[in-house]
Amino acid sequence: MVEKSVEQSPASTRPVAVVTGASSGIGAASARQLAAAGYRVVCAARRADRIEALADEIDGIAVPCDVTDPDQVRALAEAAGPAVHLLVNNAGGALGLDPVEHADADDWRRMYEINVIGTLQVTRALLPALEASGAGTILNIGSTAGRIAYEGGGGYTAAKHGVAVMTETLRLELLGRPVRVCEVAPGMVRTEEFALTRFDGDTERAAAVYAGVDEPLTADDVADVVAWVATRPHHVNVDLVVVKPLAQASQHKVHRTPSS
Ligand code: 8X3
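The structure reproduced in this document is the subject of the present report. (Residues numbered from 1 in each chain as written. Predicted model: local features only at pLDDT ≥ 70, side-chain atom pairs only at ≥ 80, totals over all residues. Heavy atoms only, no water.)

Some details on the overall build of the protein chain
At step 1: Each helix and strand counted, the protein chain has 8 helices and 7 strands in total.
At step 2: Taking 260 residues into account, the globule formula puts the C-alpha radius of gyration at 18 Å, and the protein chain, at 18 Å, falls close to it.
At step 3: Considering the protein chain as a whole, with its 260 residues, one finds that 50% of them fall into the buried category.
At step 4: In the protein chain, 70% of the contacts between residues at least 6 apart in sequence involve partners at least 24 apart. (Helix = DSSP H or I, 4+ residues; strand = E, 2+ residues; numbered from the N terminus. Rg over C-alpha atoms; globule rule 2.2 N^0.38 Å. Buried < 20%, exposed > 50% of the residue type's maximum accessible area, 1.4 Å probe, protein only. Contact = heavy atoms within 4.5 Å.)

Side note on the pattern of salt bridges
At step 1: All chains considered together, the criterion is met by 11 salt bridges.
At step 2: Of the charged contacts, one joins Arg-147 and Glu-168 as a salt bridge, the two residues approaching to 3.9 Å between their closest N and O atoms. Note that Arg-147 is positioned in the loop between strand S5 (136-141) and helix H5 (154-173) and Glu-168 in helix H5, a separation of 21 residues in sequence.
At step 3: By sharing partners, the salt bridges in this structure join Arg-14, Arg-40 and Asp-59 into a single network. (Salt bridge = Lys/Arg side-chain N within 4 Å of Asp/Glu carboxyl O.)

Focus on helix H3 (residues 70-80)
At step 1: Those residues of H3 lying buried are Val-73, Leu-76, Ala-77, Ala-79 and Ala-80. Buried residues along H3 cover an arc of 165° about the axis, so they all sit on one side. Along H3, the residues that are exposed and aim more than 90 degrees away from the buried face are Asp-71 and Glu-78.
At step 2: For H3, the secondary structure elements touched by its buried residues are strand S1 (16-20), strand S2 (40-45), strand S3 (61-64) and helix H4 (105-132).
At step 3: For H3, the capping residue at the N-terminal end is Asp-69, with a side-chain oxygen 2.9 Å from the backbone nitrogen of Asp-71. (Arc of directions from axis to C-beta. Polar contact = N/O pair within 3.5 Å; in protein donor to acceptor, adjacent residues only side chain to side chain.)

Considerations on the site of the ligand
At step 1: Around the ligand sit Ser-143, Thr-144, Ala-145, Tyr-150, Tyr-156, Pro-186, Gly-187, Phe-194, Arg-198 and Gln-251, and that is every residue in its neighbourhood.
At step 2: The side chain of Gln-251 places a nitrogen or oxygen atom 2.5 Å from an oxygen atom of the ligand.
At step 3: Starting from 250 Å² of accessible surface for the ligand in isolation, the protein chains cover 84%.
At step 4: The class makeup of the residues in the shell around the ligand is 5 nonpolar, 4 polar and 1 charged. (Near = heavy atom within 4 Å. Areas by Shrake-Rupley, 256 points an atom, 1.4 Å probe, with all protein chains shown as cover. Nonpolar A, V, L, I, M, F, W, Y, C, P; charged D, E, K, R; others polar.)

Structural notes on empty space enclosed by the protein
At step 1: Tallying each qualifying case throughout the model produces 1 cavity of 30 Å³ or more.
At step 2: In this structure, the largest cavity spans a volume of roughly 60 Å³.
At step 3: Lining the largest cavity are 15 residues; nearest its centre among them are Leu-95, Gly-96, Asp-98, Trp-108 and Met-111.
At step 4: The set of elements that each furnish at least two residues to the lining of the largest cavity consists of H4 and H5.
At step 5: Considered class by class, the residues forming the lining of the largest cavity number 6 nonpolar, 5 polar and 4 charged. (1 Å grid on protein atoms, 1.4 Å probe; cavity = no way out; pocket = protein on both sides within 12 Å on 5 of 7 lines; lining within 4 Å. Points joined across faces, edges and corners; volume = space filled by probe spheres on them.)

Some remarks on H4
At step 1: Taking 1.5 Å per residue, 28 residues should reach 40 Å; H4 reaches 40 Å between its end C-alpha atoms and fits that length.
At step 2: In the structure, H4 departs most strongly from a straight axis at Leu-126, where the bend amounts to approximately 45° and where the proline Pro-128 lies between one and four residues downstream.
At step 3: Gly-134 occupies a position one or two residues after H4 and carries a positive phi of about 85°. (Expected span 1.5 Å × (residues − 1). Bend = angle between axes of the 7 residues up to and from the residue.)

In structure tokens, the structure reads:
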């Protein structure tokens, strides 16, 4: 349920940012940092209780939204108002680590649906308002998985490659219009949910992803990059930022300290 709308808000002079997947991790951290940078943040995610608490904390608004549902995406665009300055397409995630040989087609469909179709639907719905702002920014949260393949990652890497290609396509198609298109592609980020979701709640498998890694990125580290990209002067289009922890030289080359 939408509690207040940007238009009704006395703070309507602030630029408006819409962040999807704002209920936790990179999305929630980005919403907080963007609010601190002066944005009125529309926090969108499926879990209403979480985004309502976040919206209260940062004086934003909460719009429960499943990005794969066209009706809910339409409602999100209506709640955001006629002018939106920034869209952070963050909703997404990985399911499973099965080799292609044994892959679950339903997991692949779901990953494509959330990461790619969700980003497409929200972008399409908000594009008129982004353009109407006169200085819009679309910032897609990609992944190092969108730039490389790794064993067991086929479904997720395919989806994140999809996000990367959609980002590049959109930048070409919007040339000459006042909307820049950017991607932030994080490597290993330790959030409360990413690995847990991937491994269907298996805490041991989730913890093993980060075992022995000295300081994986945090959601705040990535949000810091998001806020930096968003707050460059509008003629500066930061096409792509790949950000990894110091302990990760490439997808497979991660420095781990053996536990004693
Ligand atoms: C990168 C996540 O698991 O593909 O954002 O390395 S993973």
